[in-house]
Amino acid sequence: TKVFNKYDLLDDVEIKAQTDDDKDEDDEKDDEKDAEADKAGEKSSTVNKHDSSEGTKPTSTRFGFGSSFGSFCSSKLLCIFFTFFVLGCTGVARSSYGYMVRPWSLLRAAPLLFVSQSTAHDLNCGASVALDANALGPLDPSWPGAKWLQMVHGTPDRAWKSFFDASMLQLGSLDREGKQLATMSTYACCFNYAAGASVTDGLLVEFGTWAGGSMRCFAAGIQQTGHPNRAIGFDAFKAGFIGSNAAKLRGTRWWDPKKTDYEMKDLDLLPIYNFNVQDVYPTVRAQRVNFREHREVDSKLSGTTVDVFITDAAKSAAPLAQDIGAVAPYLRPGSILVFADFFFTNTVDSPPAVNQVLFVFGQLVSSGMLRLLGLTGSYGYFLLMRGVSRDSVSRLMHQWELKAKIGAVCKNATVASIKAMSSLLPETPKRYSDKIIPKLRRACRQ
(Lines give C-alpha, C1' and ligand atoms only; values in the text may rest on other atoms or scores of the structure.)
Protein backbone atom coordinates (compact mmCIF):
# COMPACT_ATOMS: atom_id res chain seq x y z
CA THR A 1 0.00 0.00 0.00
CA LYS A 2 1.92 2.92 -1.26
CA VAL A 3 0.91 6.45 -2.08
CA PHE A 4 -1.80 7.77 -4.33
CA ASN A 5 -0.58 6.64 -7.67
CA LYS A 6 2.32 4.34 -8.40
CA TYR A 7 2.98 5.75 -11.85
CA ASP A 8 3.02 9.54 -11.44
CA LEU A 9 -0.57 10.03 -12.49
CA LEU A 10 -1.41 12.27 -9.54
CA ASP A 11 -4.02 14.93 -9.93
CA ASP A 12 -3.71 18.35 -8.26
CA VAL A 13 -5.63 17.31 -5.13
CA GLU A 14 -3.52 14.22 -4.65
CA ILE A 15 -0.24 16.04 -5.14
CA LYS A 16 -1.21 18.53 -2.46
CA ALA A 17 -2.11 15.74 -0.02
CA GLN A 18 0.77 13.38 -0.74
CA THR A 19 3.40 14.88 1.54
CA ASP A 20 1.19 14.85 4.62
CA ASP A 21 -0.35 11.49 3.79
CA ASP A 22 2.96 9.59 3.61
CA LYS A 23 3.50 9.91 7.34
CA ASP A 24 -0.17 9.54 8.27
CA GLU A 25 -0.55 6.39 6.20
CA ASP A 26 2.49 4.83 7.86
CA ASP A 27 1.09 5.66 11.31
CA GLU A 28 -2.37 4.35 10.45
CA LYS A 29 -1.24 1.06 9.01
CA ASP A 30 1.47 0.59 11.65
CA ASP A 31 -1.27 0.82 14.29
CA GLU A 32 -3.32 -1.81 12.47
CA LYS A 33 -0.31 -4.02 12.02
CA ASP A 34 0.87 -3.71 15.63
CA ALA A 35 -2.58 -4.58 16.92
CA GLU A 36 -2.52 -7.91 15.12
CA ALA A 37 1.12 -8.93 14.89
CA ASP A 38 3.69 -8.01 17.51
CA LYS A 39 6.19 -10.63 16.67
CA ALA A 40 9.17 -9.43 14.72
CA GLY A 41 12.66 -10.58 13.98
CA GLU A 42 15.58 -9.13 12.14
CA LYS A 43 17.97 -11.23 10.15
CA SER A 44 19.86 -10.59 6.96
CA SER A 45 19.16 -13.02 4.16
CA THR A 46 19.67 -13.20 0.46
CA VAL A 47 17.67 -14.86 -2.28
CA ASN A 48 18.35 -15.53 -5.90
CA LYS A 49 17.45 -12.39 -7.92
CA HIS A 50 15.61 -12.76 -11.20
CA ASP A 51 12.54 -11.49 -13.03
CA SER A 52 10.37 -14.57 -12.96
CA SER A 53 8.55 -16.39 -10.19
CA GLU A 54 10.79 -19.43 -10.38
CA GLY A 55 13.96 -19.77 -8.40
CA THR A 56 13.07 -19.54 -4.71
CA LYS A 57 12.48 -23.13 -3.79
CA PRO A 58 9.51 -23.54 -1.45
CA THR A 59 10.59 -25.18 1.78
CA SER A 60 7.74 -25.10 4.27
CA THR A 61 5.08 -27.70 4.81
CA ARG A 62 1.54 -26.76 3.86
CA PHE A 63 -1.59 -27.98 5.58
CA GLY A 64 -5.08 -28.32 4.13
CA PHE A 65 -8.10 -26.77 5.78
CA GLY A 66 -10.46 -28.94 3.76
CA SER A 67 -12.75 -27.98 0.95
CA SER A 68 -13.23 -24.45 2.30
CA PHE A 69 -9.85 -23.47 3.63
CA GLY A 70 -6.56 -24.11 1.96
CA SER A 71 -3.12 -25.54 2.11
CA PHE A 72 -0.36 -23.55 3.67
CA CYS A 73 1.97 -23.27 6.60
CA SER A 74 3.39 -19.86 7.38
CA SER A 75 6.12 -20.92 9.75
CA LYS A 76 7.80 -24.00 11.14
CA LEU A 77 6.27 -23.28 14.54
CA LEU A 78 2.79 -23.14 13.05
CA CYS A 79 3.44 -26.37 11.15
CA ILE A 80 4.12 -28.10 14.44
CA PHE A 81 0.89 -26.66 15.86
CA PHE A 82 -1.01 -27.82 12.79
CA THR A 83 0.46 -31.32 13.06
CA PHE A 84 -0.61 -31.87 16.64
CA PHE A 85 -4.01 -30.35 15.99
CA VAL A 86 -5.02 -32.42 13.00
CA LEU A 87 -2.68 -35.38 12.62
CA GLY A 88 -4.82 -37.67 14.72
CA CYS A 89 -7.77 -37.06 12.43
CA THR A 90 -6.13 -37.17 9.05
CA GLY A 91 -4.01 -39.03 6.61
CA VAL A 92 -0.61 -37.76 5.59
CA ALA A 93 0.27 -37.43 1.92
CA ARG A 94 3.82 -37.04 0.72
CA SER A 95 4.41 -34.06 -1.59
CA SER A 96 7.46 -32.64 -3.30
CA TYR A 97 7.54 -29.87 -0.71
CA GLY A 98 7.25 -31.97 2.41
CA TYR A 99 4.41 -33.73 4.18
CA MET A 100 1.04 -32.30 3.31
CA VAL A 101 -1.56 -32.93 5.97
CA ARG A 102 -5.05 -32.78 4.43
CA PRO A 103 -7.90 -33.14 6.94
CA TRP A 104 -10.43 -33.63 4.15
CA SER A 105 -12.72 -36.10 5.86
CA LEU A 106 -12.81 -34.18 9.14
CA LEU A 107 -13.52 -30.83 7.52
CA ARG A 108 -16.14 -32.19 5.17
CA ALA A 109 -17.96 -33.49 8.20
CA ALA A 110 -17.66 -30.12 9.96
CA PRO A 111 -20.21 -27.39 9.15
CA LEU A 112 -17.69 -25.18 7.32
CA LEU A 113 -19.77 -24.93 4.17
CA PHE A 114 -23.09 -24.15 5.74
CA VAL A 115 -24.25 -20.57 5.20
CA SER A 116 -25.13 -18.73 8.39
CA GLN A 117 -27.96 -16.25 8.74
CA SER A 118 -25.97 -13.65 10.67
CA THR A 119 -24.80 -10.42 9.09
CA ALA A 120 -21.28 -10.70 10.43
CA HIS A 121 -18.98 -13.45 9.25
CA ASP A 122 -18.66 -16.30 11.72
CA LEU A 123 -14.89 -16.60 11.66
CA ASN A 124 -13.29 -14.15 14.06
CA CYS A 125 -11.19 -12.15 11.60
CA GLY A 126 -10.64 -9.08 13.74
CA ALA A 127 -13.00 -6.20 12.96
CA SER A 128 -13.98 -7.67 9.60
CA VAL A 129 -17.62 -7.79 8.55
CA ALA A 130 -19.34 -9.27 5.52
CA LEU A 131 -22.72 -8.99 3.85
CA ASP A 132 -25.38 -11.49 4.86
CA ALA A 133 -24.95 -14.47 2.57
CA ASN A 134 -28.60 -14.27 1.46
CA ALA A 135 -28.85 -10.48 1.11
CA LEU A 136 -28.26 -10.50 -2.65
CA GLY A 137 -30.70 -13.30 -3.29
CA PRO A 138 -29.73 -16.43 -5.24
CA LEU A 139 -26.30 -16.06 -6.83
CA ASP A 140 -24.70 -18.24 -9.45
CA PRO A 141 -22.70 -20.70 -7.30
CA SER A 142 -19.86 -20.55 -9.84
CA TRP A 143 -19.33 -16.85 -9.13
CA PRO A 144 -16.16 -16.18 -7.12
CA GLY A 145 -18.15 -13.64 -5.07
CA ALA A 146 -20.73 -16.30 -4.14
CA LYS A 147 -17.96 -18.65 -3.06
CA TRP A 148 -16.38 -15.89 -0.96
CA LEU A 149 -19.64 -15.24 0.89
CA GLN A 150 -20.08 -18.93 1.49
CA MET A 151 -16.63 -19.27 3.00
CA VAL A 152 -16.66 -16.24 5.29
CA HIS A 153 -20.05 -17.34 6.62
CA GLY A 154 -18.88 -20.81 7.49
CA THR A 155 -19.82 -21.84 11.02
CA PRO A 156 -17.07 -24.03 12.51
CA ASP A 157 -17.05 -24.72 16.21
CA ARG A 158 -14.96 -22.69 18.64
CA ALA A 159 -11.88 -24.90 18.39
CA TRP A 160 -11.75 -24.58 14.62
CA LYS A 161 -12.29 -20.83 14.86
CA SER A 162 -9.29 -20.53 17.15
CA PHE A 163 -7.26 -22.75 14.85
CA PHE A 164 -8.16 -20.75 11.76
CA ASP A 165 -7.66 -17.34 13.40
CA ALA A 166 -4.24 -18.32 14.73
CA SER A 167 -3.16 -19.60 11.34
CA MET A 168 -4.34 -16.42 9.60
CA LEU A 169 -2.34 -14.29 12.04
CA GLN A 170 0.76 -16.38 11.41
CA LEU A 171 0.27 -16.40 7.65
CA GLY A 172 -0.26 -12.67 7.40
CA SER A 173 2.49 -11.47 9.71
CA LEU A 174 5.40 -13.91 9.49
CA ASP A 175 7.44 -15.34 6.62
CA ARG A 176 8.40 -18.97 6.11
CA GLU A 177 11.04 -18.79 8.85
CA GLY A 178 8.93 -16.95 11.38
CA LYS A 179 10.42 -13.52 10.66
CA GLN A 180 8.41 -10.32 10.31
CA LEU A 181 6.83 -9.73 6.91
CA ALA A 182 7.03 -6.41 5.11
CA THR A 183 3.27 -5.89 5.19
CA MET A 184 0.72 -3.37 6.40
CA SER A 185 -2.35 -5.59 6.04
CA THR A 186 -2.07 -8.52 8.45
CA TYR A 187 -5.60 -7.74 9.65
CA ALA A 188 -7.00 -8.48 6.18
CA CYS A 189 -5.44 -11.91 5.76
CA CYS A 190 -8.63 -13.84 6.61
CA PHE A 191 -10.79 -12.19 3.95
CA ASN A 192 -7.90 -12.13 1.47
CA TYR A 193 -7.37 -15.84 1.94
CA ALA A 194 -11.05 -16.46 1.24
CA ALA A 195 -10.79 -14.35 -1.93
CA GLY A 196 -7.91 -16.49 -3.17
CA ALA A 197 -9.80 -19.66 -2.32
CA SER A 198 -12.69 -18.36 -4.46
CA VAL A 199 -10.69 -18.48 -7.69
CA THR A 200 -12.24 -20.97 -10.11
CA ASP A 201 -11.48 -20.76 -13.83
CA GLY A 202 -9.66 -17.44 -13.87
CA LEU A 203 -6.78 -15.51 -12.35
CA LEU A 204 -6.14 -13.44 -9.26
CA VAL A 205 -4.41 -10.18 -10.23
CA GLU A 206 -3.01 -7.58 -7.84
CA PHE A 207 -1.88 -4.10 -8.87
CA GLY A 208 0.66 -2.59 -6.47
CA THR A 209 1.70 -5.90 -4.95
CA TRP A 210 5.00 -4.43 -3.63
CA ALA A 211 6.82 -7.01 -1.43
CA GLY A 212 4.01 -9.57 -1.56
CA GLY A 213 2.75 -9.24 2.02
CA SER A 214 -0.93 -9.26 1.06
CA MET A 215 -0.36 -11.54 -1.94
CA ARG A 216 0.88 -14.16 0.52
CA CYS A 217 -2.62 -14.46 1.96
CA PHE A 218 -4.40 -14.32 -1.41
CA ALA A 219 -2.04 -16.91 -2.90
CA ALA A 220 -2.33 -19.29 0.06
CA GLY A 221 -6.06 -19.35 -0.60
CA ILE A 222 -5.51 -20.24 -4.26
CA GLN A 223 -3.14 -23.04 -3.25
CA GLN A 224 -5.96 -24.97 -1.58
CA THR A 225 -7.92 -25.00 -4.86
CA GLY A 226 -5.20 -27.05 -6.55
CA HIS A 227 -4.92 -24.56 -9.44
CA PRO A 228 -1.33 -23.60 -10.38
CA ASN A 229 -0.23 -20.39 -12.12
CA ARG A 230 -3.30 -18.39 -11.09
CA ALA A 231 -1.77 -15.47 -9.11
CA ILE A 232 -0.01 -12.51 -10.73
CA GLY A 233 1.40 -9.46 -8.97
CA PHE A 234 2.00 -6.27 -10.97
CA ASP A 235 4.45 -3.70 -9.65
CA ALA A 236 7.59 -1.68 -10.34
CA PHE A 237 9.21 -3.84 -7.62
CA LYS A 238 11.43 -1.02 -6.43
CA ALA A 239 11.43 -0.37 -2.68
CA GLY A 240 11.41 3.41 -2.90
CA PHE A 241 9.54 3.86 -6.16
CA ILE A 242 7.00 5.92 -4.27
CA GLY A 243 7.90 8.29 -1.45
CA SER A 244 8.85 6.73 1.86
CA ASN A 245 7.91 3.14 1.05
CA ALA A 246 11.43 1.84 1.56
CA ALA A 247 11.16 2.69 5.28
CA LYS A 248 8.35 0.13 5.57
CA LEU A 249 11.01 -2.56 5.35
CA ARG A 250 12.34 -1.60 8.80
CA GLY A 251 12.15 -4.48 11.22
CA THR A 252 12.31 -7.09 8.46
CA ARG A 253 15.18 -9.26 7.30
CA TRP A 254 15.53 -7.06 4.23
CA TRP A 255 16.44 -3.83 5.98
CA ASP A 256 20.16 -2.96 5.96
CA PRO A 257 20.89 -0.82 9.04
CA LYS A 258 24.12 0.37 7.43
CA LYS A 259 22.16 2.10 4.67
CA THR A 260 20.05 5.24 4.71
CA ASP A 261 16.43 5.35 3.63
CA TYR A 262 17.60 6.96 0.40
CA GLU A 263 20.09 4.18 -0.29
CA MET A 264 17.44 1.54 0.38
CA LYS A 265 15.04 3.00 -2.18
CA ASP A 266 16.73 1.14 -5.06
CA LEU A 267 16.33 -2.27 -3.44
CA ASP A 268 14.83 -4.77 -5.90
CA LEU A 269 11.64 -6.16 -4.37
CA LEU A 270 11.07 -8.98 -6.85
CA PRO A 271 13.25 -11.53 -5.05
CA ILE A 272 11.60 -10.50 -1.78
CA TYR A 273 8.15 -10.94 -3.34
CA ASN A 274 9.08 -14.43 -4.48
CA PHE A 275 10.52 -15.34 -1.09
CA ASN A 276 7.41 -14.11 0.70
CA VAL A 277 4.91 -15.95 -1.48
CA GLN A 278 6.45 -19.01 -3.11
CA ASP A 279 6.46 -21.14 0.03
CA VAL A 280 2.65 -20.95 0.18
CA TYR A 281 2.05 -20.86 -3.58
CA PRO A 282 5.04 -22.08 -5.63
CA THR A 283 3.66 -20.99 -9.02
CA VAL A 284 2.95 -17.33 -8.17
CA ARG A 285 4.00 -14.95 -10.95
CA ALA A 286 5.19 -11.37 -11.11
CA GLN A 287 5.05 -8.71 -13.83
CA ARG A 288 7.34 -5.69 -13.64
CA VAL A 289 5.21 -3.40 -15.81
CA ASN A 290 3.33 -0.11 -15.65
CA PHE A 291 -0.19 -1.35 -14.98
CA ARG A 292 -1.64 2.03 -15.87
CA GLU A 293 -0.64 1.37 -19.48
CA HIS A 294 -3.34 -0.73 -21.12
CA ARG A 295 -0.99 -2.15 -23.73
CA GLU A 296 1.29 -3.55 -21.06
CA VAL A 297 -1.60 -5.06 -19.12
CA ASP A 298 -3.02 -6.58 -22.32
CA SER A 299 0.34 -8.12 -23.16
CA LYS A 300 0.21 -10.06 -19.88
CA LEU A 301 -3.50 -10.85 -19.56
CA SER A 302 -4.65 -11.35 -23.15
CA GLY A 303 -6.93 -14.37 -23.46
CA THR A 304 -7.49 -14.75 -19.72
CA THR A 305 -10.30 -14.16 -17.24
CA VAL A 306 -9.81 -12.43 -13.89
CA ASP A 307 -11.81 -13.92 -11.02
CA VAL A 308 -10.30 -11.69 -8.33
CA PHE A 309 -8.81 -8.25 -8.86
CA ILE A 310 -7.01 -6.23 -6.18
CA THR A 311 -5.66 -2.72 -6.41
CA ASP A 312 -3.33 -1.63 -3.65
CA ALA A 313 -2.30 1.49 -5.54
CA ALA A 314 -5.36 3.79 -5.74
CA LYS A 315 -6.46 6.17 -3.02
CA SER A 316 -8.75 8.43 -5.03
CA ALA A 317 -11.50 8.10 -7.63
CA ALA A 318 -9.61 8.64 -10.90
CA PRO A 319 -6.77 6.17 -10.21
CA LEU A 320 -9.31 3.64 -8.96
CA ALA A 321 -11.27 4.00 -12.20
CA GLN A 322 -8.03 3.65 -14.17
CA ASP A 323 -7.16 0.43 -12.40
CA ILE A 324 -10.63 -1.06 -12.83
CA GLY A 325 -10.58 0.00 -16.47
CA ALA A 326 -7.23 -1.66 -17.08
CA VAL A 327 -8.62 -5.08 -16.13
CA ALA A 328 -12.21 -4.48 -17.28
CA PRO A 329 -11.92 -6.61 -20.46
CA TYR A 330 -10.89 -9.59 -18.33
CA LEU A 331 -13.46 -9.35 -15.53
CA ARG A 332 -16.73 -11.29 -15.56
CA PRO A 333 -20.01 -11.12 -13.67
CA GLY A 334 -19.30 -12.53 -10.24
CA SER A 335 -15.67 -11.38 -10.07
CA ILE A 336 -14.42 -10.04 -6.74
CA LEU A 337 -12.91 -6.55 -6.69
CA VAL A 338 -10.76 -5.68 -3.67
CA PHE A 339 -9.81 -2.05 -3.01
CA ALA A 340 -7.01 -2.19 -0.44
CA ASP A 341 -6.89 1.54 0.34
CA PHE A 342 -10.59 2.17 0.02
CA PHE A 343 -11.27 3.30 3.60
CA PHE A 344 -7.99 5.17 3.94
CA THR A 345 -8.71 7.71 6.67
CA ASN A 346 -6.52 10.48 5.23
CA THR A 347 -8.51 10.68 2.00
CA VAL A 348 -12.00 9.55 2.98
CA ASP A 349 -13.03 13.18 3.47
CA SER A 350 -11.42 14.43 0.25
CA PRO A 351 -13.53 16.57 -2.17
CA PRO A 352 -16.44 14.66 -3.77
CA ALA A 353 -15.03 14.56 -7.32
CA VAL A 354 -11.89 12.71 -6.19
CA ASN A 355 -13.37 10.84 -3.22
CA GLN A 356 -13.23 7.13 -4.08
CA VAL A 357 -15.73 6.06 -1.42
CA LEU A 358 -18.35 8.49 -2.72
CA PHE A 359 -17.49 7.60 -6.32
CA VAL A 360 -17.95 3.89 -5.71
CA PHE A 361 -21.22 4.13 -3.77
CA GLY A 362 -22.58 7.17 -5.59
CA GLN A 363 -21.77 5.88 -9.07
CA LEU A 364 -20.58 2.29 -9.37
CA VAL A 365 -22.92 0.78 -6.78
CA SER A 366 -25.88 3.02 -7.62
CA SER A 367 -25.55 2.09 -11.30
CA GLY A 368 -25.82 -1.60 -10.44
CA MET A 369 -22.23 -2.38 -11.43
CA LEU A 370 -20.96 -3.29 -7.95
CA ARG A 371 -22.30 -4.50 -4.62
CA LEU A 372 -20.47 -4.30 -1.30
CA LEU A 373 -19.47 -7.70 0.05
CA GLY A 374 -17.47 -6.79 3.14
CA LEU A 375 -14.87 -4.60 4.75
CA THR A 376 -11.92 -4.83 7.10
CA GLY A 377 -9.55 -2.04 8.03
CA SER A 378 -8.89 0.00 4.90
CA TYR A 379 -10.04 -2.85 2.62
CA GLY A 380 -13.33 -2.89 0.72
CA TYR A 381 -14.57 -6.07 -1.02
CA PHE A 382 -17.06 -5.79 -3.88
CA LEU A 383 -18.97 -8.10 -6.20
CA LEU A 384 -19.09 -7.28 -9.92
CA MET A 385 -22.72 -7.70 -10.95
CA ARG A 386 -22.28 -7.37 -14.73
CA GLY A 387 -19.63 -7.32 -17.41
CA VAL A 388 -17.84 -3.99 -17.94
CA SER A 389 -15.60 -2.39 -20.54
CA ARG A 390 -12.91 0.23 -20.38
CA ASP A 391 -15.19 2.72 -22.06
CA SER A 392 -18.04 2.11 -19.63
CA VAL A 393 -15.79 2.61 -16.60
CA SER A 394 -14.33 5.76 -18.13
CA ARG A 395 -17.83 7.15 -18.79
CA LEU A 396 -18.91 6.47 -15.22
CA MET A 397 -15.85 8.32 -13.93
CA HIS A 398 -16.50 11.28 -16.23
CA GLN A 399 -20.14 11.44 -15.20
CA TRP A 400 -19.17 11.42 -11.54
CA GLU A 401 -16.72 14.30 -11.97
CA LEU A 402 -19.49 16.39 -13.53
CA LYS A 403 -22.18 15.74 -10.93
CA ALA A 404 -20.20 15.12 -7.72
CA LYS A 405 -20.29 18.78 -6.67
CA ILE A 406 -24.07 18.91 -6.83
CA GLY A 407 -25.17 19.00 -3.21
CA ALA A 408 -28.02 16.52 -3.50
CA VAL A 409 -25.89 14.04 -5.46
CA CYS A 410 -23.07 14.18 -2.94
CA LYS A 411 -25.47 13.83 -0.03
CA ASN A 412 -27.13 10.81 -1.62
CA ALA A 413 -23.73 9.20 -2.18
CA THR A 414 -22.79 9.83 1.45
CA VAL A 415 -26.05 8.32 2.70
CA ALA A 416 -25.59 5.30 0.43
CA SER A 417 -22.02 4.80 1.69
CA ILE A 418 -23.00 4.97 5.35
CA LYS A 419 -26.06 2.78 4.83
CA ALA A 420 -23.98 0.12 3.07
CA MET A 421 -21.40 0.04 5.85
CA SER A 422 -24.02 0.06 8.59
CA SER A 423 -25.97 -2.76 6.95
CA LEU A 424 -23.11 -5.18 7.49
CA LEU A 425 -23.65 -5.22 11.22
CA PRO A 426 -26.38 -4.05 13.57
CA GLU A 427 -23.60 -2.06 15.20
CA THR A 428 -20.98 -0.59 12.86
CA PRO A 429 -17.37 -1.45 13.86
CA LYS A 430 -15.73 1.29 15.91
CA ARG A 431 -13.18 2.17 13.23
CA TYR A 432 -15.93 3.16 10.83
CA SER A 433 -18.32 4.79 13.29
CA ASP A 434 -15.57 6.85 14.93
CA LYS A 435 -13.32 7.69 11.97
CA ILE A 436 -14.71 6.90 8.54
CA ILE A 437 -18.36 7.96 8.80
CA PRO A 438 -17.73 11.38 10.41
CA LYS A 439 -15.16 12.17 7.73
CA LEU A 440 -17.50 11.07 4.96
CA ARG A 441 -20.14 13.45 6.26
CA ARG A 442 -17.67 16.32 5.94
CA ALA A 443 -16.70 15.54 2.35
CA CYS A 444 -19.72 17.22 0.76
CA ARG A 445 -18.99 20.50 2.50
CA GLN A 446 -15.90 21.07 0.36
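Since this is a predicted model, take the numbers as computed values, not measurements. (Residues numbered from 1 in each chain as written. Predicted model: local features only at pLDDT ≥ 70, side-chain atom pairs only at ≥ 80, totals over all residues. Heavy atoms only, no water.)

A. Examining the overall build of the protein more closely. For the protein, the helix and strand inventory stands at 15 helices and twelve strands. Within the span of the protein, comprising 446 residues, buried residues form 61% of the whole. Carbon and sulfur atoms provide 52% of the accessible area of the protein, an area that totals close to 17,200 Å². (Helix = DSSP H or I, 4+ residues; strand = E, 2+ residues; numbered from the N terminus. Buried < 20%, exposed > 50% of the residue type's maximum accessible area, 1.4 Å probe, protein only. Areas by Shrake-Rupley, 256 points an atom, 1.4 Å probe, with all protein chains shown as cover.)

B. Local environment of the packing of helix H5 (residues 158–173) against helix H6 (residues 189–197). Interaxial distance between H5 and H6 falls to 9 Å at its minimum, and their mutual angle equals 90 degrees. By the angle class used here, H5 and H6 are roughly perpendicular. In this structure, H5 contributes Phe164, Met168, Leu171 and Gly172 to the contact, and H6 contributes Cys189, Cys190 and Tyr193. (Axes fitted to C-alpha atoms, helices over the stretch in contact; angles between N-to-C directions. Parallel < 35°, antiparallel > 145°, perpendicular 65-115°, else oblique. Contact = heavy atoms within 4.5 Å.)

C. Region of interest: the pairing of strand S9 (residues 306–311). By the criterion of burial, S9 is predominantly enclosed, with six of the six residues buried. Strand direction decides the pairing type here: S9 and strand S10 (residues 331–339), joined by five bridges, are parallel. In the sheet register, Ile310 faces S10, and the bridge partner there is Val338. With helix H11 (residues 317–327) bridging S9 and the parallel S10, this β-α-β connection has right-handed handedness. (Pairing = 2+ DSSP bridges. Right-handed = clockwise from strand over helix to strand, strands pointing away.)

D. Spatial organisation of the environment of Met215. With respect to the element layout, Met215 can be found in helix H7 (residues 213–223). Here Met215 falls in the buried class, since its relative accessible area comes to 0%. It is 9.8 Å that separates the C-alpha atoms of Met215 and Tyr281, two residues lying 66 residues apart in sequence. Apart from residues no more than four positions distant in its own chain, Met215 is found in contact with Leu204, Glu206, Thr209, Ala231, Ile232, Gly233, Tyr273, Val277 and Val284.

E. Inspection of the state of the cysteines at higher detail. Counted by the stated rule, this structure contains two disulfides. Between Cys189 and Cys217 runs a disulfide, and the two sulfur atoms are separated by 2.0 Å. Residues Cys189 and Cys217 are joined through a disulfide that is left-handed, its torsion about the S-S bond being -105 degrees. With Cys189 in helix H6 and Cys217 in helix H7, this pair connects stretches of sequence that are 28 residues apart. By the burial criterion, Cys189 is buried, and Cys217 matches it. The disulfide that involves Cys410 links it to Cys444, with 1.9 Å between the sulfurs. Note on the Cys410 and Cys444 pair: the S-S dihedral is about -95 degrees, so by sign convention the disulfide is left-handed. Residue Cys410 is found in helix H14 (residues 407–422), and its partner Cys444 is found in the segment after helix H15 (430–443); the two are separated by 34 residues along the sequence. Since its relative accessible area comes to 29%, Cys444 is described here as partly exposed. (Disulfide = S-S within 2.5 Å.)

F. Broad picture of unusual backbone geometry. A positive phi angle, near 60 degrees, is found at Asn229, a position not held by glycine. Phi angles above zero are rare outside glycine, and Phe237 is one such case at about 55 degrees. Looking at where Phe237 falls in the secondary structure, it is placed in the loop between strand S7 (231–234) and helix H8 (261–264). The class of Phe237 is buried, set by a relative accessible area of 1%.

G. Quick peek at the sheet that holds S10. Taking strand neighbours across the sheet as the criterion, the eight strands line up as S5-S11-S12-S10-S9-S6-S7-S8 in an open arrangement whose pairing is mixed. Each of the sheet's edge strands pairs with one partner strand only, and the pair in question is strand S5 (129–130) and strand S8 (285–287). Inspection of the sheet shows strand S11 (residues 370–376) paired to strand S12 (residues 379–384) by six bridges, in the antiparallel sense. When the sheet's bridge partners are listed, Leu375 is paired in S12 with Gly380. Strands S5, strand S6 (203–207), S9, S10, S11 and S12 of the sheet are contacted by H6, whose axis makes an angle of about 25 degrees with S12. Contacting S6, S7, S9, S10 and S12, H7 runs over the sheet at an angle of about 180 degrees to S6.

H. Expanded view of the nonpolar core. Trp148 and Leu301 are the most contacted members of the largest nonpolar core, which totals 117 residues. Ranked by the residues each element gives to this core, the list is headed by H6, at seven residues. Leu301 has contacts with Leu203, Val205, Ile232, Phe234, Val306, Val327 and Tyr330, leaving out every residue within four places of it along the chain. (Core = buried A, V, L, I, M, F, W, Y, C linked by side-chain atoms within 4.5 Å.)

I. Fine view of the pattern of salt bridges. What the rule picks out here adds up to seven salt bridges. Measuring nitrogen to oxygen at the nearest pair gives 3.2 Å for the salt bridge that ties Arg288 to Asp268. Taken together, the residues Arg288 in the loop between S8 and helix H10 (294–301) and Asp268 in the loop between H8 and helix H9 (270–277) connect sequence positions 20 residues apart. Classification of Arg288 as partly exposed rests on a relative accessible area of 37%. A salt bridge links Arg442 to Asp349, with the nearest nitrogen and oxygen atoms 3.9 Å apart. (Salt bridge = Lys/Arg side-chain N within 4 Å of Asp/Glu carboxyl O.)

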